[in-house]
Amino acid sequence: MFLVVRLLPQCLVLILQLDIKVKFSVTTQSFFDDSLTYGDNLPSDAQEITSEKYSELFEAVNANKHVYLSNGVMVISEARPDKYYTWNSESNSWEMTAAAVTQKASDELAAAENYRSKLISFAKDTISVWQTELLLGTISDDDKASLTEWMAYIKALQVVDTSDPESITWPTEPTIS
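Conventions used here
- Residues numbered from 1 in each chain as written.
- Predicted model: local features only at pLDDT ≥ 70, side-chain atom pairs only at ≥ 80, totals over all residues.
- Heavy atoms only, no water.
- Pairing = 2+ DSSP bridges.
- Helix = DSSP H or I, 4+ residues; strand = E, 2+ residues; numbered from the N terminus.
- Axes fitted to C-alpha atoms, helices over the stretch in contact; angles between N-to-C directions.
- Contact = heavy atoms within 4.5 Å.
- Buried < 20%, exposed > 50% of the residue type's maximum accessible area, 1.4 Å probe, protein only.
- Core = buried A, V, L, I, M, F, W, Y, C linked by side-chain atoms within 4.5 Å.
- Parallel < 35°, antiparallel > 145°, perpendicular 65-115°, else oblique.
- Left-handed = near helix turned anticlockwise from the far one by under 90°.
- Nonpolar A, V, L, I, M, F, W, Y, C, P; charged D, E, K, R; others polar.
- Expected span 1.5 Å × (residues − 1).
- Bend = angle between axes of the 7 residues up to and from the residue.

> Just checking my understanding: could you explain the sheet that holds strand 5 (residues 47–49) for this structure?
In any sheet, the strands associate via hydrogen bonds between backbone groups, in a parallel or an antiparallel arrangement. Read across the sheet, 3 strands follow the order 4-3-5 without closing on themselves; strand pairing throughout is antiparallel. The open sheet is flanked by strand 4 (30–33) and strand 5, the only strands paired with a single partner. Taken pair by pair, the neighbouring strands of this sheet meet at an average axis angle of 40°, ignoring direction. Where strand 3 (residues 22–25) lies against strand 4, 4 bridges are found, and the strand directions are antiparallel. Directly across from phenylalanine 24, in strand 4, lies its bridge partner phenylalanine 31. Along the sheet, helix 1 (residues 51–62) makes contact with strand 3, strand 4 and strand 5, crossing strand 5 at roughly 105°.

> Mind showing me how you'd approach the environment of isoleucine 139 here?
One can find isoleucine 139 in the loop between helix 2 (98–136) and helix 3 (141–158). For isoleucine 139, a relative accessible area of 17% puts it in the buried group. The spatial distance from the C-alpha of isoleucine 139 to the C-alpha of valine 129 is 9.2 Å, given a sequence separation of 10 residues. If sequence neighbours within four positions are ignored, isoleucine 139 has contacts with Trp130, Glu133, Leu134, Lys144 and Leu147.

> What exactly am I supposed to notice about the nonpolar core here?
Nonpolar side chains tend to gather and get buried jointly when the protein is soluble and globular. In this structure, Leu119, Ile120, Ala123, Ile127, Trp130, Ile139, Leu147, Trp150, Tyr153, Ile154 and Leu157 together form the largest nonpolar core, which totals 11 residues. Sorting the residues of this core by element identifies helix 2 and helix 3 as the ones contributing at least two each. What tyrosine 153 contacts, discounting residues up to four positions off in sequence, is Leu119, Ala123, Pro171, Thr172, Glu173 and Pro174. Of all hydrophobic cores here, the second largest spans 9 residues; its members include Phe24, Phe58, Val67 and Met74.

> Can you walk me through the packing of helix 2 against helix 3 in this structure?
Where helix 2 contacts helix 3, the two axes come as close as 9 Å, and the packing angle between them is 150°. By the angle between their axes, helix 2 is roughly antiparallel relative to helix 3. Seen from above, helix 2 lies across helix 3 with left-handed handedness. Between helix 2 and helix 3, the residues in contact are Arg116, Leu119, Ile120, Phe122, Ala123, Lys124, Thr126, Ile127, Trp130, Gln131, Glu133 and Leu134 and Asp143, Lys144, Ser146, Leu147, Trp150, Met151, Tyr153, Ile154, Leu157 and Gln158, respectively. In the contact of helix 2 with helix 3, the residues fall into 13 nonpolar, 4 polar and 5 charged.

> Explanation requested: the pairing of strand 7 (residues 73–76) in the structure shown.
Side chains on a regular strand alternate between the two faces of the sheet. Of the pairings in the sheet, the one linking strand 6 (residues 67–70) to strand 7 comprises 4 bridges and is antiparallel in character. Bridge pairing in strand 7 places tyrosine 68 opposite valine 75. Counting the residues in the hairpin turn of strand 6 and strand 7 gives 2 residues, including asparagine 71, whose phi is positive at 55°.

> Looking at this model, I keep getting lost on the environment of serine 117. Mind explaining?
With respect to the helices, strands and loops of the structure, serine 117 is situated in helix 2. Spatially, the C-alpha atom of serine 117 lies 8.8 Å from that of glutamine 158, the residues being 41 residues apart in sequence.

> I'm lost on helix 2 in this one. Help?
Turn by turn, an α-helix covers 3.6 residues, leaving residues three or four places apart pointing in a common direction. A rise of 1.5 Å per residue sets the reference length of helix 2, with its 39 residues, at 57 Å; its end C-alpha atoms lie 57 Å apart and thus fit the reference within 8%. The largest bend along helix 2 measures about 40° and falls at isoleucine 127. Taken as a whole, helix 2 has its buried residues at Ala100, Lys104, Ala112, Arg116, Leu119, Ile120, Ala123, Thr126, Ile127 and Trp130. Next to the buried residues of helix 2 lie helix 3. Directly beyond the C-terminal end of helix 2, a positive phi value near 75° is found at glycine 137.

Structure below.
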């Protein structure tokens, strides 16, 4: 039997071999304990592996890497670049479909717009007291200057073009005096 213990945050895996054989399926990226009965559910490509190989494959699969066969030998890929990539079994590489490219662009656009909204919200919270003081005529000259800087910052944020999130240059936030 194998005893698996994960030590976080280092994610070290301690495996004690006790007499159970384990198989790994490249097709399903899964482990199968030989002492259990799987019937027709055991993938045909499941191969028996050593405890050392189990440790190596376990860490790889949990690090978003893909195990594939090359000339009958199990090979571990680089880590999946991000959630938009899928494994292409023909080329043995991570690839993005056209739909994934579109989804990634949409998600990045939404994230940029959300980030801008958060910056504007923070800026408005920062100036709210100064605006009240300005209305009451009790604002100091320093706070009035800060209010002017922060209003310019808010206007700069509002005109940021988020259509190409990778090329955004965010305006510099004024200092709080």
